[in-house]
Structure formats: structure tokens, C-alpha cells
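If you want the building blocks of each chain, they are given just below.
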Amino acid sequence: MQDARILVTGGGGFIGSNLANTLAEENEVIALDNGYLGTSDNLDESVQYIEADVLDEDLPTDVDIVYHLAALSSRELLEDNPVHGARVNVDGFVNVVEQAIADGCETIVYASTSSIYGSRTTPTPEDVDVEAATGYDASMLGRERYAEYYNDFYADTDLTLAGMRFFSVYQGYGGAESHKGTYANTVSQFAEKIAQGTPPVLWGDGTQTRDFTHVNDIVRGLELAADHELEGVYNLGTGESYSFNEMVELINGVLGTDIDPVYEPIPLTNYVHDTLADSSKIRKATGWEPRIDFEDGVERVCQAYLDEE
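Residues numbered from 1 in each chain as written. Predicted model: local features only at pLDDT ≥ 70, side-chain atom pairs only at ≥ 80, totals over all residues. Heavy atoms only, no water.

As recorded in an unreviewed UniProt entry, the protein goes by the name NAD-dependent epimerase/dehydratase, listed as coming from Natrialba taiwanensis DSM 12281.

And the structure:
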């Protein structure tokens, strides 16, 4: 991808800023964010930052590619205000897509979630049954259904919409996650606590597992999705899972610490205990492969603390 004009909504956020900064090396990139879950501090000077909301009129959608990553991206945020959450995650999606179509943009890649799979310990392909166990899940499924409609309705045109079902994306507070605080990935939160000598709090017995995927691999997947003008939905995950107990052990190993976690009862209903991606669909379509295994990823997360010593 070179010399393209690209809009990244949620461009000040964790994944959005990593994507925008990477694409800006060879493209004209606009990062749009309302400043609620993102910050312009995450962006390089080469990225044009616009503070606006995905529900606004007259968005800068006169571009070659739209990456729609803006969302209220946790179940807690939607449970606190379900009406606003639905407006942002569903209405905001439709608003961006409609304006992009009106401006002649034909390539749209958007964020979805793997939480719609529920708990699964075997590699999960895209064609299994999905569920809306939370308002957040329902809103992401709403995006996918609207995207399905657009791909079908505009089947005779060059318009394509591709949804990326992210698994557990991380980078660390030394990257662009620090502003998220308690909404950051557990890898980042636990590394921060252990580096400070504070026991991390694990729900249940710590045996829950996640397909932890480094943001650099996510960014490459997003790039390839647009390059190949994909449509439909695709998993972006490594195909390997680690328990929270294993994660804490890895962090302690890298930091040279010996901090035991504290275990507390799981406070949520419909808690997803395990995730594991089958990413063969996007691998076959684009050649994407994850390049950062979890052990290497944990070392990258912890390096910021080692550099302070």
C-alpha cells in the first residue's frame, strides 16, 4: 500500500494509532478520534489528526480506504450506557460507511470481536455459531450484519467490507496502551503491576486462556485485508493460547521478579473463559502469518521496565 489516502477512525486509540503510524510511512493518513478512548499523543507528526465523532456529519471519508476501528470497546462501557453504546458501535458504523460510499470509497475494513464465539478451547473458525452474550457482542454483530448487507446490496460494484475479529490484542504500556488504564489488555496491566511489586488480581483460578496477539501482527493483518480488498469476516489470532497463570509466570521470568497473583471470584456473568483462533481463512486469502510469538511479545512488553533500571 503506497500513496493512498486513508482514514482511520478511532485513530488515536491503541490499535488505531499503531495502524495510522505504520501506514503514514508511505501514505497520507487521517486519524479521526473524539478523544474519549484515544489520544493524539499516540500519533506521529506525519499523521493528520482530526478530533471528531463517528456520529458527526461531513466526515473526511473522501479517501481510498477507510479503517473503521472506532468503538466503545468493552462490555462494561456498554453496560453502563447501552443506548449510547449501540449508537456509537452500530449507528456510528453505518454513518461512516454511508458517507464513505457517497464519497466514492470502495475499500472498508472494520473492527469486530472474537468474544462473539463465547468460550472455546479448540481453534475456532469463522463459520461456527456465534452469540450475543453481552451488549458489546450484540453491537459488533450488528456491524457484521450491516456489512453483510452492504456487500450483498453492492455486489455488482467494487465496494468491499471486511470485518476483523480481533482476539486478545496487546502491546504494553511502553507502547500505545498506557492511556487505556484498566481497559488495557491483561498482559499490559499485569506487567505494570508486577514491575511495581504489586500482585496482579486474577479472576477464578487463573486457568482461563487467551489467544494473545501482538498489535504489530494485527496491523499487518489490517494492511493485507485492504490490499486484497477482502470482504466478509476474518479471524486475526495466532492459533496458540496461554493461561493467565502462564502469563504471570512469563512476566516474572522476564522481569526477574517473584510476584504471586491474588485470586478473586469471577464477577461477571457470561464471562469468556477461553479463546483460540483458527486464522486459516485470512492466511489463505492474504498469506498473513503472526510473527511475534507470546514469549517474545511478553519480553517486548517488559522491556520498558527493564530500560528504567
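Picking up after the structure, the text goes on.
Novice: What is the right way to read the environment of Leu72 from this model?
Specialist: Residue placement: Leu72 occurs in the loop between strand S4 (65-68) and helix H2 (75-80). Setting aside chain neighbours within four positions, we find Leu72 in contact with Tyr36, Leu37, Leu77, Leu78, His84, Gly85, Val88, Asn89 and Tyr136. (Helix = DSSP H or I, 4+ residues; strand = E, 2+ residues; numbered from the N terminus. Contact = heavy atoms within 4.5 Å.)

Novice: Could you clarify how one ought to interpret the UniProt feature "domain: NAD-dependent epimerase/dehydratase" (unreviewed entry) in the protein in this entry?
Specialist: Residues annotated in UniProt with the feature "domain: NAD-dependent epimerase/dehydratase" (unreviewed entry) correspond here to residues 6-237. A distance of 24 Å separates the end C-alpha atoms of residues 6-237, which is 34% helix and 21% strand. (UniProt positions renumbered as here; feature names shortened; annotations may be inferred.)

Novice: Sorry, what's going on with the sheet that holds strand S1 (residues 5-9) here?
Specialist: Sheet strands pair by backbone hydrogen bonding; their relative direction is either parallel or antiparallel. The strand order S3-S2-S1-S4-S5-S6-S11 describes an open sheet built from seven strands, whose pairing is parallel. The open sheet is flanked by strand S3 (48-51) and strand S11 (232-236), the only strands paired with a single partner. Each neighbouring strand pair of the sheet contributes to a mean axis angle of 20 degrees, computed without reference to strand direction. Sheet analysis places S1 next to strand S2 (residues 28-33), joined by five bridges and oriented parallel. Looking at S2, one finds that Thr9 is bridged to Leu32. (Pairing = 2+ DSSP bridges. Axes fitted to C-alpha atoms, helices over the stretch in contact; angles between N-to-C directions.)

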